[in-house]
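Next come the chains, spelled out residue by residue.
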Amino acid sequence: MANGKDLTVSFGEMLIDFVPTVSGVSLAEAPGFIKAPGGAPANVAIAVARLGGRAAFVGKLGDDEFGRMLAGILRANGVDDAGVLFDTGARTALAFVTLRTDGEREFMFYRNPSADMLLTEAELNLDVIKSAAVFHYGSISLITEPCRSAHLKAMEVAREAGALLSYDPNLRLPLWPSPESAREQILSIWDQADIIKVSDVELEFLTGTDSVEDDVVLTLWRPAFKLLLVTLGEKGCKYYTKVHALRIALLYYRFGSKIHGFQIHCSSDFQFRDFKGSLDGFAVDTVDTTGAGDAFVGALLRKLVDDPSVLQSEEKLREVLKFSNACGAITTTKKGAIPALPNEAEALELLKRD
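Reading the values: the criteria
Residues numbered from 1 in each chain as written. Predicted model: local features only at pLDDT ≥ 70, side-chain atom pairs only at ≥ 80, totals over all residues. Heavy atoms only, no water. UniProt positions renumbered as here; feature names shortened; annotations may be inferred. Core = buried A, V, L, I, M, F, W, Y, C linked by side-chain atoms within 4.5 Å. Buried < 20%, exposed > 50% of the residue type's maximum accessible area, 1.4 Å probe, protein only. Contact = heavy atoms within 4.5 Å. Salt bridge = Lys/Arg side-chain N within 4 Å of Asp/Glu carboxyl O. Helix = DSSP H or I, 4+ residues; strand = E, 2+ residues; numbered from the N terminus. Pairing = 2+ DSSP bridges. Axes fitted to C-alpha atoms, helices over the stretch in contact; angles between N-to-C directions.

Looking at an unreviewed UniProt entry, one finds the protein named fructokinase, with Zingiber officinale as its source organism. Quoted verbatim from the Sequence similarities (unreviewed entry) field of UniProt, the annotation for the protein is "Belongs to the carbohydrate kinase PfkB family." Recorded under Pathway (unreviewed entry), the UniProt text for the protein is reproduced unchanged: "Glycan biosynthesis; starch biosynthesis."

Undergrad: Break down the nonpolar core for me, citing the residues and quoting the values.
TA: Core analysis: the biggest nonpolar cluster contains 55 residues, and Met 14, Ile 46, Val 79, Leu 227 and Leu 321 have the highest contact counts within it. In contact with Leu 227, other than residues within four places in its own chain, are Asp 194, Ile 195, Ile 196, Trp 221, Tyr 239, Tyr 240, Thr 241, Leu 300, Leu 311 and Leu 317. Val 9, Val 157, Ala 193 and Leu 220 belong to the second-largest nonpolar core, a separate cluster that totals 50 residues.

Undergrad: Let's hear about the pattern of salt bridges: which residues, and what values?
TA: A side chain of one charge can pair with a side chain of the opposite charge if their charged atoms are brought near each other. Evaluation of the coordinates by the stated rule reveals 14 salt bridges. Here Asp 214 makes a salt bridge to Lys 238, at a shortest N to O gap of 3.1 Å. Here Asp 214, found in helix H7 (residues 214–217), pairs with Lys 238, found in strand S12 (residues 237–241); they are 24 residues apart in sequence, far enough to count as distant. For Lys 238, a relative accessible area of 9% translates into the label buried. Here the residues in one salt-bridge network are Lys 60, Asp 87 and Glu 123, joined through shared partners.

Undergrad: Before we move on, can you summarise the sheet that holds strand S6 (residues 94–99) with the specific residues and values?
TA: Taken in spatial order, the four strands of this open sheet run S3-S2-S6-S7, and their pairing is mixed. The sheet is open, and its two edges are formed by strand S3 (33–38) and strand S7 (105–110), each paired on a single side. Pairwise comparison of adjacent strand axes, ignoring direction, gives a mean angle of 25° for this sheet. Looking at chain direction, S6 and S7 are connected through six bridges and run antiparallel. Looking at S7, one finds that Ala 95 is bridged to Phe 109. Packing against the sheet, helix H2 (residues 65–76) makes contact with strand S2 (15–20), S3 and S6, and its axis sits at approximately 95° to S2.

Quick look at the structure:
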């Protein structure tokens, strides 16, 4: 990276996912559950490390059997856990998660409060954060204090140290007081990121529009962004870079329609013909989609740290996103998030079959 660093630091929650032993059932119908380590920021850190990169995790766990187990899993996967703390007064978070036959994911969380919610600014390991080439985070740590203030401080320190800021909102509505609160807080730090990844479901939630067309996606674009991504599950992903968005904005300014203050009157066919990018996904036998987006992000960040010029070259970006799609697809072929995250050899094997 330009700052001479190669460490990806993930900030936020790590927890235990309990996944049904039988696929396609509701939580109430599940005959039993398999214990699987998870938590989106931790998943991303392990995804980076499993692909050969350097990663660290900053967060708080309960001083209990599950918390110690999770810290051990970080270390076993080559993730630096110097930023991990243990709380003696709160438990490690638990989540029960399933993918029903209708395609809907169902979550039930046990956090009342959990240790990750109690991380304070004073407890942050600033040395780890300052070492980041990329600082990655979600939105769950924004829900309550004191973790929200710790999150904002960590972002500030990382930015001042020259890190790229990577944001995956990872929407979990059951954890928020209301949908309105979730939308407001997720967008409260939107402008500060360099890279943002949203799913198609999150795109609809944030824009209020059931569409993944360019004009809808670009309502989320901000001038400081370097890359905006929309993941589409098995259909792959769409990408928008600073160069593309600038060109689109210039067209808006010249021709006159309305988005972020620009006006245009040209047809929708003309507006985006040369400026949108998408890549197909990979056909695999899906068992559990938990962690697929985290594998995608981890793969992207792993490659980006190695070669920052990915953000300036569409050819390179497409290669990296194809690799990221492969990593996401592989993760869906096993139960749980962390146990299913691929190594580079597995991803390259899938790419060869394509």
